[in-house]
Amino acid sequence: MPSLPIYLDNNATTRTDPRVLEAMLPFFTERYGNAASRHHAFGRDAEEAVQQAREQVAQLIGAEAREIIFTSGATESDNLALKGAAWMQRQLKKGSHLVTAAAEHHAVLDPAKRLQREGFQLTILPVDQYGQVSPDQVAAALTDQTALVSIMAANNEVGTLQPIADVGRLCKERGVLFHTDAVQAVGKVPLDVEAGGIDLLSLTAHKMYGPKGVGALYVRRRNPHVRLEPRFDGGGHERGLRAGTLPVPLIVGFGKACEICQQEMAEESQRLLRLRERLRAGIMDGLTGVSLNGHPTDRLPGNLNLSFAGIHGEALLTSLKNLAVSSGSACTSANPEPSYVLRAMGVPDDLAHGSIRFGLGRFTTEEEVDWAIGEVIRAVNRLRDLNPEQEFARTINRTG
Ligand code: PLP
């Protein structure tokens, strides 16, 4: 019996890896200098630690250290990317049209909509049944006024991977800046800013076994040299793009988290894929009326999103007391509307209401997965039994 409750919500956040915590601790105690205080040893020590972390983050995505701007997390990175690029492109008379997609995170959609209220034109591309946009759709949306395209690398609810490299290549050919919110993908699947034609990339430490409250924006320096209008004014930190004293312990932890992902990603993703398929098959073999949301193969190894016909996701969450999972996206779970991502994919409202996201991670064990399978089957059967007129009786679907 695994120890309860079981955490299967790694798309919402991850546990800080003990190796990351260990790397951070001295920077709260003996090594507490301000990285901007270069005139004394404490400051220089902090600055060197930040520089090392900058290199660790850069290496994971094929960038140079000086192209990494530290932020408070991906919400800030997305806002800096979209608003910073849009405002600058408009100043440079390079257009005022933005392109993004319907299944993006609110950290992208909301700044895009604010820019639209400020006078930018905005195209929100629809997604297909798997949550993907096609490069052809992006090509058709581009005009000679397009300043920026923003398409996420992997979706946070359904785990679908986007054809980022094709979109990036297209944007390069057309001379349009390309931003990707890669929060869910970095450290889970290989990502390279050169191969992907990426000009701006958002990432955050807490989705990759690092601490909460620190993230980064990759800003391309060559071919082209991307210029952004800063969102904060102050001490001129981070090449003037993000003023504010650097949170050295968090940054050190972020760097360590990136280093571990780089070393362990290949093996870890294989292990997670096996566990994810075990969970999927176990639930689908044990119940009827279960459908997979998101792409069957182009998806994050640790993500599984299932709809249970005849069940309300919130009721299922309440029944699964010892299982930490999400219905829809954690960031919007206060909202009773069905997930806008599933809606955009054309999932009918009743199935969207009955959806659960399972997020497996570095610390998930096979024993936990097996326990979760039994618990989900029991809870779904119990809820279906409570509602006698529903059509999904307590039957076993042996065909999966
Ligand atoms: N973008 C995506 C795809 C996410 O999943 C999240 C987190 O839920 C964010 C952005 C926001 O990241 P942060 O929590 O670092 O602000």
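Notes on the structure in this doc start here. (Residues numbered from 1 in each chain as written. Predicted model: local features only at pLDDT ≥ 70, side-chain atom pairs only at ≥ 80, totals over all residues. Heavy atoms only, no water.)

**Section: the packing of helix H3 (residues 74–91) against helix H4 (residues 106–117)**
- The geometry of H3 relative to H4 is characterised by a closest axis approach of 9 Å and an angle of 30° between their N-to-C directions. The angle between H3 and H4 falls in the class roughly parallel. H4 is crossed by H3, and the crossing has right-handed handedness. Listed contacts from H4 to Thr-75, Asp-78, Asn-79, Leu-82, Lys-83, Ala-86 and Trp-87 of H3 are Ala-107, Val-108, Pro-111, Ala-112, Arg-114 and Leu-115.
- Among the residues making up the contact of H3 with H4, the classes are represented as 8 nonpolar, 2 polar and 3 charged. (Axes fitted to C-alpha atoms, helices over the stretch in contact; angles between N-to-C directions. Helix = DSSP H or I, 4+ residues; strand = E, 2+ residues; numbered from the N terminus. Parallel < 35°, antiparallel > 145°, perpendicular 65-115°, else oblique. Left-handed = near helix turned anticlockwise from the far one by under 90°. Contact = heavy atoms within 4.5 Å. Nonpolar A, V, L, I, M, F, W, Y, C, P; charged D, E, K, R; others polar.)

**Topic: the pairing of strand S6 (residues 177–181)**
- Burial runs high along S6: 5 of the 5 residues are buried.
- Residues of S6 alternate between two faces, with Leu-177, His-179 and Asp-181 on one and Phe-178 and Thr-180 on the opposite face, all of them buried.
- Pairing analysis gives 3 bridges linking strand S5 (residues 146–150) to S6, with the strands arranged parallel. By the bridge assignment, Leu-148 is partnered in S6 with Leu-177.
- Read from S5 through helix H6 (residues 164–174) to S6, the crossover connection turns out right-handed.
- Pairing analysis gives 3 bridges linking S6 to strand S7 (residues 200–204), with the strands arranged parallel. Its bridge partner being in S7, Asp-181 is matched across the sheet by Ser-202. (Buried < 20%, exposed > 50% of the residue type's maximum accessible area, 1.4 Å probe, protein only. Pairing = 2+ DSSP bridges. Right-handed = clockwise from strand over helix to strand, strands pointing away.)

**Focus on H6**
- Residues of H6 that are buried include every one of Ile-164, Val-167, Gly-168, Leu-170 and Cys-171, and no others. Each buried residue of H6 lies within a common arc of 165° when the element is viewed along its axis, so the set occupies one face.
- Lining the buried residues of H6 we find helix H5 (135–141), S5 and S6. (Arc of directions from axis to C-beta.)

**As for H3**
- Between its first and last C-alpha, H3 extends 25 Å over 18 residues, near the 26 Å set by a 1.5 Å rise per residue.
- The buried count for H3 comes to 14 of 18 residues, which makes it a mostly enclosed element.
- A positive backbone phi angle near 60° is found at Lys-93, which sits one or two residues after H3. (Expected span 1.5 Å × (residues − 1).)

**Topic: unusual backbone geometry**
- Across the junction of Leu-4 and Pro-5, the peptide omega takes the value -5°, indicating a cis bond.
- Mapping Pro-5 onto the fold places it in the segment before strand S1 (6–7).
- One non-glycine residue, Lys-93, lies in the positive phi region at around 60°.
- Positionally, Lys-93 belongs in the loop between H3 and strand S3 (97–101).
- Since its relative accessible area comes to 76%, Lys-93 is described here as exposed.
- Unlike most non-glycine residues, Asn-223 shows phi in positive territory, near 55°.
- Locating Asn-223 in the fold gives a position in the loop between strand S8 (215–219) and helix H7 (248–286).
- For Asn-223, a relative accessible area of 63% translates into the label exposed.

**A few points about a nonpolar patch on the surface**
- Together, Leu-21, Leu-25 and Phe-28 make up a nonpolar patch on the protein surface, roughly 290 Å² of accessible area in all.
- Within the element layout of this structure, Leu-21 appears in helix H1 (residues 18–24).
- With a relative accessible area of 41%, Leu-21 lands in the partly exposed category. (Patch = residues over 30% accessible without salt bridge, like charges linked within 9 Å, V, L, I, M, F, W, Y side chains within 5 Å. Areas by Shrake-Rupley, 256 points an atom, 1.4 Å probe, with all protein chains shown as cover. Salt bridge = Lys/Arg side-chain N within 4 Å of Asp/Glu carboxyl O.)

**Some remarks on the packing of H7 against helix H11 (residues 366–386)**
- Interaxial distance between H7 and H11 falls to 9 Å at its minimum, and their mutual angle equals 20°. Here H11 runs roughly parallel to H7, going by the angle between their axes. The handedness of the crossing between H7 and H11 comes out as right-handed. On H11, the residues touching Leu-275, Arg-278, Leu-279, Gly-282, Ile-283 and Gly-286 of H7 are Glu-366, Val-369, Asp-370, Ala-372, Ile-373, Val-376 and Ile-377.
- Among the residues forming the contact of H7 with H11, the class breakdown is 8 nonpolar, 2 polar and 3 charged.

**Overview of the side chain of Asp-78**
- Tracing the backbone through its elements, the reader meets Asp-78 in helix H3.
- At 2.6 Å, the side chain of Asp-78 and the side chain of Ser-202 are in polar contact.
- When near neighbours in sequence (up to four residues on either side) are disregarded, Asp-78 contacts Ala-107, Val-108, His-179, Asp-181 and Ser-202. (Polar contact = N/O pair within 3.5 Å; in protein donor to acceptor, adjacent residues only side chain to side chain.)

**Focus: the pairing of S8**
- In terms of residue burial, S8 counts as a mostly covered element, since 5 of its 5 residues are buried.
- Residue alternation in S8 divides its side chains into two sets, Gly-215, Leu-217 and Val-219 and Ala-216 and Tyr-218, and both sets are buried.
- Bridging between strand S2 (residues 68–71) and S8 involves 4 bridges; their strand directions are antiparallel. The residue bridging Thr-71 from the neighbouring strand is Gly-215, located in S8.
- Here S7 pairs with S8 via 5 bridges, running antiparallel. If you follow Ser-202 over to S8, its bridge partner there is Leu-217.

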